[in-house]
Amino acid sequence: MQENREELNRSIRELRMEMTQALNQSMQQVQDVLHKNMMTTGELQRQKFDTMARQQEMLLKSTEKRLDDMRLMVEEKLQKTLNERIGQSFEIVRSQLENVQKGLGEMKSLAQDVGGLKKVLSNVKMRGTFGEVQLGALLEQMMSPEQYDANVKTKKSGTEFVEFAIKLPGKDDANSTVYLPIDAKFPKDVYEQYYDAFEAGDTVLIESSGKQLENTIKKMAKDIHDKYVDPPYTTDFAILFLPFESIYAEVIRRTALVRCCKRNTKS
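Reading the values: rules and limits
- Residues numbered from 1 in each chain as written.
- Predicted model: local features only at pLDDT ≥ 70, side-chain atom pairs only at ≥ 80, totals over all residues.
- Heavy atoms only, no water.
- Helix = DSSP H or I, 4+ residues; strand = E, 2+ residues; numbered from the N terminus.
- Buried < 20%, exposed > 50% of the residue type's maximum accessible area, 1.4 Å probe, protein only.
- Areas by Shrake-Rupley, 256 points an atom, 1.4 Å probe, with all protein chains shown as cover.
- Core = buried A, V, L, I, M, F, W, Y, C linked by side-chain atoms within 4.5 Å.
- Axes fitted to C-alpha atoms, helices over the stretch in contact; angles between N-to-C directions.
- Parallel < 35°, antiparallel > 145°, perpendicular 65-115°, else oblique.
- Left-handed = near helix turned anticlockwise from the far one by under 90°.
- Contact = heavy atoms within 4.5 Å.
- Nonpolar A, V, L, I, M, F, W, Y, C, P; charged D, E, K, R; others polar.
- Phe/Tyr/Trp six-rings, centres within 6.5 Å; stacked < 30°, edge-to-face > 60°.
- Lys NZ or Arg CZ within 6 Å of the ring centre and 35° of its normal.
- Patch = residues over 30% accessible without salt bridge, like charges linked within 9 Å, V, L, I, M, F, W, Y side chains within 5 Å.
- Salt bridge = Lys/Arg side-chain N within 4 Å of Asp/Glu carboxyl O.
- Pairing = 2+ DSSP bridges.
- pLDDT = per-residue confidence, 0-100.

## Looking at the overall build of the chain
Broken down by element type, the chain carries six helices and four strands. Buried positions account for 22% of the 267 residues belonging to the chain. When the accessible surface of the chain is split by element, carbon and sulfur atoms take 57% of a total near 20,300 Å².

Written out as structure tokens, the structure is:
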């Protein structure tokens, strides 16, 4: 029994040693496998990281190239647009300068024309001719040639010829004509005195020159009536034509004069 126990103990020790060795070998193998797997995994991760780094670098370079291409394209378009805008601006400036130069020429010509007009209007006879031309142009625009006559002796017993007369149908005979006399008047000197007094603010002079203007207009209206009105060959009234708006506006403002003179206009 003693020998059996010793043999059993020896067998147990040997088995324990074998198991310990086997376990150690297994643990070593597991450690080797784990180490190998870790090395392999690390290498794979490193390779993946290298691949990702290369891809990121390539993507960055591609993005930079695209950005450069877009920048160049934008700069080219901006430069082209800028050149076109500058060209258009220069063309506009050139055109405006030409217009200004043309306008200066027209202003110079107009100044000469105004000077000539003032010289013309300083002559009483020329003022009358100027008013007659304006009246003729107005009638030509408003009426046909058959509706009015020029230089008409409307008063049977008179010797005066009115500048223009509108032809109206008579009452008795269908072929008879009744004339409406129209005469142009231009009280330039009297109106200029009134205007200068108004600009100076001299109330006394405004009152006196205004009265003088009214008297002049009334005298002109009476002169037209006495020379050209002769019913039933004419109407029982005539028209006094004022060729300038400012004088006409002043006459209309003075209601007492409206009965005496009325300007024939388009409106």
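## Some points on the nonpolar core
Among soluble globular proteins, nonpolar side chains are generally buried collectively. Judged by nonpolar contacts, the single largest core of 18 residues is most densely connected at Leu240 and Leu242. Elements that contribute at least two residues to this core include exactly strand S2 (162–169), helix H3 (188–200), helix H4 (203–228) and helix H5 (245–253). Ranked by the residues each element gives to this core, the list is headed by H4, at six residues. In terms of nonpolar packing, the next biggest core, distinct from the first, is built from 11 residues, Leu138, Leu139, Ala184 and Phe241 among them.

## Some words on the packing of H3 against H4
The geometry of H3 relative to H4 is characterised by a closest axis approach of 9 Å and an angle of 160° between their N-to-C directions. Comparing their axes, H4 and H3 come out roughly antiparallel. H3 and H4 meet at a crossing whose hand is left-handed. Between H3, through Val190, Tyr191, Gln193, Tyr194, Ala197 and Phe198, and H4, the contact on the second element is made entirely by Leu205, Ile206, Ser209, Gly210, Gln212, Leu213 and Thr216. Residues of the contact of H3 with H4, tallied by class, amount to eight nonpolar, five polar and no charged.

## Section: the packing of aromatic side chains
Within the structure shown, the criterion is met by one aromatic pair. Here the guanidinium or amino end of Lys156 rests over the ring plane of Tyr233, the centre of that ring lying 5.1 Å away.

## Side note on a nonpolar patch on the surface
Residues Leu67, Met70 and Met73 make up a contiguous nonpolar surface patch of about 310 Å² in total accessible area. Relative to the helices and strands, Met73 resides in helix H1 (residues 2–121). Residue classification places Met73 among the partly exposed positions, given a relative accessible area of 42%.

## Re the pairing of strand S3 (residues 177–184)
Counting buried positions along S3 yields seven of eight residues, so the element is predominantly enclosed. Strand direction decides the pairing type here: S2 and S3, joined by six bridges, are antiparallel. Within S3, the position partnered with Lys167 by the bridge is Tyr179. Note: S3 against strand S4 (residues 239–241), three bridges, orientation parallel. Bridged to Ile182 within S4 is Ile239.

## Some details on the sheet that holds S2
Pairing in this open sheet of four strands is mixed, and the strands run S1-S2-S3-S4 from one edge to the other. The open sheet is flanked by strand S1 (148–152) and S4, the only strands paired with a single partner. This sheet shows a mean twist of 35° between the axes of neighbouring strands, independent of strand direction. On the sheet, H4 packs against S2, S3 and S4 and is oriented at approximately 130° with respect to S4.

## What to know about the confidence of the model for the chain
For the chain, per-residue confidence averages 77 on the pLDDT scale, and residues scoring 70 or more make up 83% of the total. For residues 113–122, every residue scores under 50 in pLDDT, and the model assigns this stretch nine contacts once sequence neighbours within four places are set aside. Under a pLDDT of 50 for its full length, residues 260–267 has, in the predicted model, 27 contacts with residues more than four places off or in other chains.

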